[in-house]
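One letter stands for each residue in the lines below.
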Amino acid sequence: MSMRESFEIFFEKQSDLYYSCRDFIIKDPPKAYKQTEPVSFDKIEKSLGFIIHQSIKEYFSTYYFEQLEGFFEHEWFYMLNIMPSDHLSEIITTGFRNGKDNYHEDSKYFVIGTSKTGKVMVNNTTGEVTKVTSDEKTSKHFADSLEEFLRHVECEYSKQ
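Residues numbered from 1 in each chain as written. Predicted model: local features only at pLDDT ≥ 70, side-chain atom pairs only at ≥ 80, totals over all residues. Heavy atoms only, no water.

With respect to the overall build of the protein
So, point 1. Helix and strand counts for the protein come out as five helices and eight strands.
So, point 2. Listing every helix and strand of the protein by position from the N terminus yields α-β-α-α-β-β-β-α-β-β-β-β-α.
So, point 3. Looking at the protein as a whole, 41% of its 160 residues qualify as buried.
So, point 4. Intrachain contacts of the protein at a sequence separation of at least 6 include 54% that bridge at least 24 residues. (Helix = DSSP H or I, 4+ residues; strand = E, 2+ residues; numbered from the N terminus. Buried < 20%, exposed > 50% of the residue type's maximum accessible area, 1.4 Å probe, protein only. Contact = heavy atoms within 4.5 Å.)

Structure (structure tokens):
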């Protein structure tokens, strides 16, 4: 399944939740816009000194969106917004720096969001999504890919 299809599943869940609970929800659902211009990662990769995982490239070049929220394995988190900007290279570079500072100095992890107890990160080598507790420098596997992660995010808390 493509990144675009995975995002569409996530946005549909957000929309369904909003319209079923709109009398109780204070804010509007997040706005998302399909990206139409291709993003070049050549300069970004050159400044970082390594090739960025394909799924991370797709994540940053599929939709623009405001901060997204959800639950994964009963834990609330939010994903950092991606808005039209000529600062995309700075956002991506900072995401990798934050992964290095918050988790493992000699690994390439990219921060895509935050939970109450840690950061949501993507492993640049494998594309796996993990939650990292920076104080303890421990990680918990969330999904084998960003696409899988997006498809399985819940937009409301449910006790199963």
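Looking at the packing of aromatic side chains
So, point 1. Overall, the coordinates contain 13 aromatic pairs when judged by the stated rule.
So, point 2. Ring centres 6.1 Å apart and planes at 75° place the aromatic pair Tyr 59 and Phe 65 in the edge-to-face group.
So, point 3. When the ring of Phe 72 is compared with that of Phe 142, the centres are 4.6 Å apart and the planes differ by 45°; the resulting orientation is tilted. Placement of Phe 72 in strand 3 (residues 68-72) and of Phe 142 in strand 8 (residues 138-143) is noted, with a sequence separation of 70 residues between them. Residues Phe 72 and Phe 142 agree in their burial class; the two are buried.
So, point 4. Cation over ring: Arg 4 sits above Tyr 63, and NZ or CZ is 5.6 Å from the ring centre. (Phe/Tyr/Trp six-rings, centres within 6.5 Å; stacked < 30°, edge-to-face > 60°. Lys NZ or Arg CZ within 6 Å of the ring centre and 35° of its normal.)

Regarding the environment of Ser 6
So, point 1. Locating Ser 6 in the fold gives a position in helix 1 (residues 3-21).
So, point 2. Here Ser 6 falls in the buried class, since its relative accessible area comes to 0%.
So, point 3. In this structure the C-alpha to C-alpha distance between Ser 6 and Leu 150, which are 144 residues apart in sequence, comes to 5.7 Å.
So, point 4. In this structure, Ser 6 is in contact with Met 1, Glu 147, Leu 150 and Arg 151, ignoring residues within four places of it in sequence.

Examining the nonpolar core
So, point 1. Among the nonpolar cores identified, the biggest contains 32 residues, and Phe 7, Tyr 59, Phe 60, Ile 92, Ile 112 and Phe 149 are the most heavily contacted of them.
So, point 2. Among the elements that take part in this core, helix 1 stands out by supplying four residues, more than any other.
So, point 3. Discounting chain neighbours no more than four positions away, the residues touching Tyr 59 are Met 3, Phe 7, Phe 65, Met 79, Leu 80, Ile 82, Ile 112 and Leu 146. (Core = buried A, V, L, I, M, F, W, Y, C linked by side-chain atoms within 4.5 Å.)

With respect to the pattern of salt bridges
So, point 1. The full count for this structure, using the stated rule, is three salt bridges.
So, point 2. Glu 8 is paired through a salt bridge with Lys 34; the nearest N and O atoms lie 3.8 Å apart. One end of the pair, Glu 8, is in helix 1; the other, Lys 34, is in strand 1 (residues 32-34), with 26 residues separating them in the sequence.
So, point 3. Between Glu 45 and Lys 57 there is a salt bridge whose closest N-O contact spans 2.8 Å. Note that Glu 45 is positioned in helix 2 (residues 42-48) and Lys 57 in helix 3 (residues 54-60), a separation of twelve residues in sequence. For the pair formed by Glu 45 and Lys 57, the shared burial category is buried. (Salt bridge = Lys/Arg side-chain N within 4 Å of Asp/Glu carboxyl O.)

Considering the sheet that holds strand 6 (residues 118-123)
So, point 1. Here six strands make up an open sheet; going across it, the order is 3-4-5-6-7-8 and the pairing antiparallel. The open sheet has two free edges, formed respectively by strand 3 and strand 8, since each of these has just one partner strand. Neighbour-to-neighbour, the strand axes of this sheet turn through a mean angle of 35°, independent of strand direction.
So, point 2. Across three bridges, strand 4 (residues 75-79) lies against strand 5 (residues 109-115) in antiparallel orientation. (Pairing = 2+ DSSP bridges. Axes fitted to C-alpha atoms, helices over the stretch in contact; angles between N-to-C directions.)

Side note on the pairing of strand 7 (residues 129-133)
So, point 1. Counting buried positions along strand 7 gives five out of five residues, so the element sits mostly inside the fold.
So, point 2. Both faces of strand 7 are covered, namely the face carrying Val 129, Lys 131 and Thr 133 and the face carrying Thr 130 and Val 132.
So, point 3. Here strand 6 runs beside strand 7; their pairing, made up of four bridges, is antiparallel. Looking across to strand 7, one finds that Lys 119 is bridged to Val 132.
So, point 4. Linking strand 6 to strand 7, which pair antiparallel, is a turn of five residues; within it Gly 127 sits at a positive phi near 85°.
So, point 5. Here strand 7 pairs with strand 8 via five bridges, running antiparallel. Bridged to Thr 133 within strand 8 is Thr 138.

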